[in-house]
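A look at the structure
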Amino acid sequence: MITTWFTLGLLGELLGTALLAYGYTLVPESTRKRYLLLVAIPGIAIVAYLLLALDIGAVDGGGHTVYVVRYVDWLLTTPINVLYLGLLAHVNRETIGKLVGLQALTIVFGFAGAMANGALSYGLFTAGAAAFAGVVYLLYGDVADSAVATLSDVEASLYRTLRNFVVVLWSVYPVVWLLGAAGIGLMDVETASLVIVYLDVVTKVGFGTIALHAWMTMDLDAVTDGAAITAD
Ligand code: RET
């Protein structure tokens, strides 16, 4: 059954990557380089889900299964995701470094916690949660301020939409961690996997699609208002 979920995840990420890759031709030229990050996010997940569907990348974390491949995927893609938000908001390099670093730490601590047992496991989870709280703090603080200060109203509104999307949906991951095998074990591995596959596809493809849609609409505006096309 679990292989079925992973195969569905693979299909979702494949379709999402194809859709977003096609979208590359539809977004304004000035935003294309950055847009590639949005294609890379589900693109990386294709590899992860291919491995998971082939039953590669699971290890024993002291009595329960830990999907290493999943953490490697998150370690690569979630920092790219916050990097995109930082670049969109034109925030300074130092803050981008903090965002990316804290997000990477979130995943590293979460993985270490899943591999550990007992109190250490929860200690590492708490460290991960603290790092993630730092990311959220920056996204509502300095990064949001920079978005308001440097962007047009439509772009600043896109920033807020993407930021809220990330914060709300990503917050489900630590809950699944706690309820699943790495935590109190209330949720069995199959259910947790189903929820995570669903979330992975929605967060990765959804994030890109929201941005794609917004840039397409902005491009249309640019047809009637020539100035907007070079506004980035
Ligand atoms: C962990 C456990 C430690 C505390 C926190 C976590 C957060 C994980 C997040 C994962 C996001 C994954 C995404 C994947 C997309 O495919 C590591 C579960 C806070 C935020 C967006």
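Coordinates for the structure precede this section.
The structure displayed is predicted, hence computed values, not measured ones. (Residues numbered from 1 in each chain as written. Predicted model: local features only at pLDDT ≥ 70, side-chain atom pairs only at ≥ 80, totals over all residues. Heavy atoms only, no water.)

1. Structural notes on the layout of surface pockets
- Here the largest pocket is characterised by a volume of approximately 630 Å³.
- Lining the largest pocket are 34 residues; nearest its centre among them are Tyr 71, Trp 74, Tyr 173, Trp 177 and Ile 196.
- Only strand 2 (65-67), helix 3 (68-88), helix 4 (93-115), helix 5 (118-140), helix 8 (172-179) and helix 9 (189-224) provide two or more residues apiece to the lining of the largest pocket.
- In terms of residue class, the lining of the largest pocket is made up of 19 nonpolar, twelve polar and three charged. (1 Å grid on protein atoms, 1.4 Å probe; cavity = no way out; pocket = protein on both sides within 12 Å on 5 of 7 lines; lining within 4 Å. Points joined across faces, edges and corners; volume = space filled by probe spheres on them. Helix = DSSP H or I, 4+ residues; strand = E, 2+ residues; numbered from the N terminus. Nonpolar A, V, L, I, M, F, W, Y, C, P; charged D, E, K, R; others polar.)

2. Focus on a nonpolar patch on the surface
- Residues Tyr 122, Leu 178, Ile 184 and Leu 186 make up a contiguous nonpolar surface patch of roughly 400 Å² in combined accessible area.
- Of note, Ile 184 is situated in the loop between helix 8 and helix 9. (Patch = residues over 30% accessible without salt bridge, like charges linked within 9 Å, V, L, I, M, F, W, Y side chains within 5 Å. Areas by Shrake-Rupley, 256 points an atom, 1.4 Å probe, with all protein chains shown as cover. Salt bridge = Lys/Arg side-chain N within 4 Å of Asp/Glu carboxyl O.)

3. Here we look at unusual backbone geometry
- Residue Asp 55 is not a glycine yet carries a positive backbone phi of 70°.
- Tracing the sequence through the fold places Asp 55 in the loop between helix 2 (32-53) and strand 1 (58-60).
- Using a relative accessible area of 67% as the deciding quantity, one classes Asp 55 as exposed.
- Although it is not a glycine, His 90 adopts a positive phi angle of roughly 55°.
- Its location among the elements puts His 90 in the loop between helix 3 and helix 4.
- Residue class for His 90 comes out partly exposed when judged on its relative accessible area of 38%. (Buried < 20%, exposed > 50% of the residue type's maximum accessible area, 1.4 Å probe, protein only.)

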